[in-house]
Amino acid sequence: MIALSTLTLTARDTTLALHPDLGGSIGALSHKGRDYMRPTPEDPRDVLETASFPLVPFCNRIRNGSFSIGTQKVNMAPNLGDHPHTLHGQGWRARWTVAEQSPSRAVLTYRHQPDEWPWAYEARQVFELRPAGLRVWLSVKNLSTTAMPAGLGFHPYFNRTSQTRLKAPVDGVWIADMDCLPTEWYAGVWRKDWTKGDFVSDTGLIDHCHTGFAGRADIYEDSTPVLTLRASPDCHWLHIYVPPGQDFFCAEPVNHMPDPFHHANSGLRCLKPGEVALIWMDISLHG
């Protein structure tokens with residue numbers, strides 16, 4: 001097998017590894033030798049092994065990969081093993097092109113030609129590394145002659161110990177079924193009180209989308225700050241994924257809820273031909 005390419009950015013004591021060939025993903029983010037995201041294995045073969053990847057042109061699941069928009073019906077095949085619900089769009093399963101590169105900045109692009117997703121678009125990621133942090137912009141441009149539904153998000157993985165805590169202002173949560181699809185909205189605190197900084201642990205799977213995200217999440221080791229994640233104002237949803245027994249978790253800023261075509265007020269946009277949607281994620285490192 002051909003080894004995957006790695007693009008490395010540096011800013012003083014901070015290093016960022018990127019894998020353009022593997023979903024335009026982040027391989028590692030380290031500062032003074034410490035990994036601030038889940039490190040990727042030395043020879044990754046699946047984007048789900050990486051530290052973060054882009055969600056474009058939609059986030060999370062679409063029930064059975066099927067939806068209608070106007071008179072148009074769309075049917076997409078599963079893209080995660082035998083799981084029946086199509087996830088995260090096309091960008092995370094694609095090779096991206098390095099469009100620009102400097103010591104601390106890189107631009108990756110991905111151009112999609114119509115297939116099961118019947119619209120053409122170009123996705124773009126801009127990575128800007130600084131001495132103790134990272135900002136990533138993610139955009140999508142509709143290259144089709146008709147309006148295209150579009151959503152964007154980030155899927156970062158963070159390290160987790162028994163003392164890891166997450167603080168994130170949210171106002172409710174979409175409770176999910178066994179297939180991790182949203183069924184009903186619950187106002188306020190459910191299972192974990194993220195608003196006060198709860199421990200990132202539980203006896204069962206946590207895989208839920210939280211509403212009213214105020215654009216900031218803080219990660220601590222007990223009372224010691226580790227990092228601060230900020231997201232652009234239209235990322236009103238924070239999807240939190242905590243698999244039991246694992247040493248990582250995800251806190252994903254996204255601009256719409258899961259299964260958006262089957263819920264009102266989901267946050268999903270429609271882009272006119274030539275229109276661009278843009279979000280950003282900023283990670284500030286402590287220590």
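The structure this text deals with has already been given above.
Values in this document were obtained by computation on a predicted structure and should not be read as measured data.

Draft legend 1. Structural detail: the side chain of Ser25. Secondary-structure assignment places Ser25 in strand β3 (residues 25–31). When its relative accessible area of 0% is taken as the criterion, Ser25 is described as buried. Within the local environment of Ser25, its side chain forms a polar contact with the backbone oxygen of Leu22, the two atoms lying 2.8 Å apart. If we ignore the near neighbours within four places in the chain, the residues touching Ser25 are Ala17, Leu18, His19, Val47, Thr50, Ser52 and Phe53.

Draft legend 2. Molecular detail of the sheet that holds strand β2 (residues 14–19). One open sheet accounts for four strands, arranged β1-β2-β3-β4; its pairing is antiparallel. The strands lining the two open edges of the sheet, one partner per strand, are β1 (7–11) and β4 (34–35). Pairing analysis gives two bridges linking β3 to β4, with the strands arranged antiparallel. Across the sheet, the residue bridging to His31 is Arg34, located in β4.

Draft legend 3. Structural context of the pattern of salt bridges. Taken as a whole, this structure holds 14 salt bridges when the rule is applied. Among the salt bridges present, the one from Lys192 reaches Asp198, with a minimum N-O distance of 3.7 Å. Look at the salt bridges and you will find they share partners, linking Glu100, Arg105, Arg124 and Glu128 into a network.

Draft legend 4. Molecular detail of the packing of aromatic side chains. Within the structure shown, the criterion is met by ten aromatic pairs. Both rings, one in Phe67 and one in Phe261, keep their centres 3.6 Å apart while their planes meet at 5 degrees; by these two values the pair is stacked. Pair noted here: Phe67 is in strand β7 (residues 66–69) and Phe261 is in the loop between β25 (248–254) and β26 (269–271), with a separation of 194 residues, a long-range link. For Phe261, a relative accessible area of 21% corresponds to the partly exposed category. Measuring from centroid to centroid gives 6.0 Å for Tyr110 and Tyr121, while their planes differ by 75 degrees, and the two rings are edge-to-face. You can see Tyr110 sitting in strand β11 (residues 105–112) and its partner Tyr121 sitting in strand β12 (residues 121–130), a full eleven residues away along the chain. You'll find Tyr110 and Tyr121 in the same group, each marked buried. Members of the aromatic cluster, joined through ring pairs, are Phe58, Phe67, Trp117, Trp119 and Phe261. In this structure, Arg34 packs its charged tip against the face of Tyr36, placed 4.7 Å from the ring centre.

Draft legend 5. Structural context of the side chain of Ser52. Here Ser52 shows up in the loop between β4 and β5 (54–55). Not counting residues within four places of it along the chain, the set of residues in contact with Ser52 comprises Ser25, Ile26, Met37, His155, Pro156, Tyr157 and Met281.

Draft legend 6. Up close: the pairing of strand β17 (residues 164–167). Relative to strand β22 (residues 216–221), β17 runs antiparallel, the two sharing four bridges. Following the sheet pairing, Lys167 is matched in β22 by Asp218. Bridging between β17 and strand β20 (residues 198–199) involves two bridges; their strand directions are antiparallel. The residue of β20 that forms the bridge with Arg165 is Phe199.

Draft legend 7. Up close: the environment of Ala28. With respect to the helices and strands, Ala28 occurs in strand β3. The contact partners of Ala28, leaving out residues within four places of it in the chain, are Thr15, Leu16, Ala17, Asp35 and Ala51.

Draft legend 8. Layout of the pairing of strand β23 (residues 224–231). Sheet analysis places β22 next to β23, joined by six bridges and oriented antiparallel. By the bridge assignment for β23, Glu221 is matched with Thr224. Where β22 folds back onto β23 in an antiparallel hairpin, the turn is made up of two residues, including Asp222, whose phi is positive at roughly 60 degrees. The sheet contact formed by β23 and strand β27 (residues 276–285) spans five bridges and is antiparallel. From the neighbouring strand, Leu229 faces β27, where its bridge partner is Ile283.

Draft legend 9. Spatial organisation of the nonpolar core. Leu16, Phe127, Val140, Phe158 and Leu227 are the most contacted members of the largest nonpolar core, which has 61 residues in total. Filtering out sequence-adjacent residues up to four positions away, Phe158 remains in contact with Tyr36, Met37, Arg38, Ile219, Leu227, Leu229, Asp247, Phe248, Phe249, Ala251 and Ile283. Ranked by size, the runner-up nonpolar core spans 16 residues in total, among them Val47, Cys59, Leu87 and Val254.

Draft legend 10. Region of the structure containing the sheet that holds β27. The antiparallel open sheet is built from nine strands, whose spatial order is β10-β11-β12-β13-β27-β23-β22-β17-β20. The two strands at the open ends of the sheet, each matched to only one other strand, are β10 (97–102) and β20.

Conventions and cut-offs
- Residues numbered from 1 in each chain as written.
- Predicted model: local features only at pLDDT ≥ 70, side-chain atom pairs only at ≥ 80, totals over all residues.
- Heavy atoms only, no water.
- Helix = DSSP H or I, 4+ residues; strand = E, 2+ residues; numbered from the N terminus.
- Buried < 20%, exposed > 50% of the residue type's maximum accessible area, 1.4 Å probe, protein only.
- Polar contact = N/O pair within 3.5 Å; in protein donor to acceptor, adjacent residues only side chain to side chain.
- Contact = heavy atoms within 4.5 Å.
- Pairing = 2+ DSSP bridges.
- Salt bridge = Lys/Arg side-chain N within 4 Å of Asp/Glu carboxyl O.
- Phe/Tyr/Trp six-rings, centres within 6.5 Å; stacked < 30°, edge-to-face > 60°.
- Lys NZ or Arg CZ within 6 Å of the ring centre and 35° of its normal.
- Core = buried A, V, L, I, M, F, W, Y, C linked by side-chain atoms within 4.5 Å.

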